[in-house]
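Listed here are the chains, written in short residue letters.
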Amino acid sequence: NAGVTQTPKFQVLKTGQSMTLQCAQDMNHNSMYWYRQDPGMGLRLIYYSASEGTTDKGEVPNGYNVSRLNKREFSLRLESAAPSQTSVYFCASSEALGAGVYTEAFFGQGTRLTVV
Amino acid sequence: AQSVTQLDSQVPVFEEAPVELRCNYSSSVSVYLFWYVQYPNQGLQLLLKYLSGSTLVKGINGFEAEFNKSQTSFHLRKPSVHISDTAEYFCAVRYMTTDSWGKLQFGAGTQVVVTP
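Every value quoted in this text rests on a predicted model; they were computed, and no experiment measured them. (Residues numbered from 1 in each chain as written. Chains lettered and ligands numbered in written order. Predicted model: local features only at pLDDT ≥ 70, side-chain atom pairs only at ≥ 80, totals over all residues. Heavy atoms only, no water.)

(A) The interface of chain A and chain B, seen in detail. Contacts between the two partners involve 23 residues from chain A, matched on the other side by 21 residues from chain B. Summed over the three residues of chain A that lose the most area to chain B, namely L43(A), Y102(A) and E104(A), the buried surface amounts to 27% of that side. The interface formed by chain A and chain B holds 1 salt bridge in total. The shortest N-O distance in the salt bridge between K49(B) and E104(A) comes to 2.8 Å. The tally of links between chain A and chain B comes to 8 residue pairs in polar contact (both at pLDDT 80 or more). Among the elements of the structure, β4 (31–38), β5 (42–49), β9 (87–94) and β11 (101–102) of chain A are those that each provide at least two residues to the side of chain A that touches chain B. Taken together, the residues of the side of chain A that touches chain B break down into 12 nonpolar, 9 polar and 2 charged. (Contact = heavy atoms within 4.5 Å. Buried area = accessible area lost by both parts, 1.4 Å probe. Salt bridge = Lys/Arg side-chain N within 4 Å of Asp/Glu carboxyl O. Polar contact = N/O pair within 3.5 Å; in protein donor to acceptor, adjacent residues only side chain to side chain. Helix = DSSP H or I, 4+ residues; strand = E, 2+ residues; numbered from the N terminus. Nonpolar A, V, L, I, M, F, W, Y, C, P; charged D, E, K, R; others polar.)

(B) Local environment of the pairing of strand β5 (residues 31–38) of chain B. Residues and elements named next belong to chain B. Burial analysis of β5 places 8 of its 8 residues in the buried class, which makes it a mostly covered element. Of the two faces of β5, the one lined by V31, L33, W35 and V37 and the one lined by Y32, F34, Y36 and Q38 are each fully buried. Pairing of β5 with strand β6 (residues 44–50) involves 6 bridges; the strand directions are antiparallel. What sits directly across from Q38, in β6, is L44. Taken together, β5 and the strand that follows it, β6, pair antiparallel across an intervening segment of 5 residues, in which N41 is found at a positive phi of about 60°. (Buried < 20%, exposed > 50% of the residue type's maximum accessible area, 1.4 Å probe, protein only. Pairing = 2+ DSSP bridges.)

(C) Molecular detail of the pattern of salt bridges. The full count for this structure, using the stated rule, is 9 salt bridges over all chains. In this structure, R22(B) and D8(B) form a salt bridge, with 3.0 Å as the shortest nitrogen-oxygen distance. Residue R22(B) is located in the loop between β3 (19–21) and β4 (23–26), and its partner D8(B) is located in the loop between β1 (3–6) and β2 (10–14); the two are separated by 14 residues in the primary sequence. Of the charged contacts in the structure, one is a salt bridge between K58(B) and E64(B), with a shortest N-O distance of 2.8 Å. You can call E64(B) partly exposed: its relative accessible area is 23%. Among the charged side chains, a salt-bridge network with shared partners connects R36(A), D38(A) and R44(A).

What follows is the structure in structure tokens.
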């Protein structure tokens, strides 16, 4: 019963390098999310996908792109990493129970990214 | 504007003493409310949630929270803490709008440090 799985767990990038953070969930949830966590700021939404085939910007989307590859997988790409993107990244998923009603969000273990 | 405020960034507490973590929100629409816990180098785990019904909500590990609509608060309490409760605690709000898609807005977090 894996839930939400993120890879890699740790990554160090040089400024300007690119990378993709992978996320997969096995709960058959329609909605998936990418958040970043920074000290003193809680978690902030980067992008979300309400369902397979759709993606939309969250609160802090600049510098990121996403792909909802299928219902299970939702990846986050940094095209040209910057030191300001040093953060812990969390993927999450939830499921709609009815009109506007969702389960709680289930989170992965996080990816700790350092950009030097 | 909608916001979530956790009034204390850090709360030191002695083992077996009670603890209260404060959370206030501002919203023009109805909300669902959540408390999550994050242990060091871990993902987020749901402690409890308020969706509707009784305003006193009980969660895991002996935690409870009370929803106060008039004060727009959702404070978390535990009558007697253990060393293992040392963690960061996040209050989160889901706004009940047709375009919420299950998104959460988080407070900045409260670090609880339990000492013997």
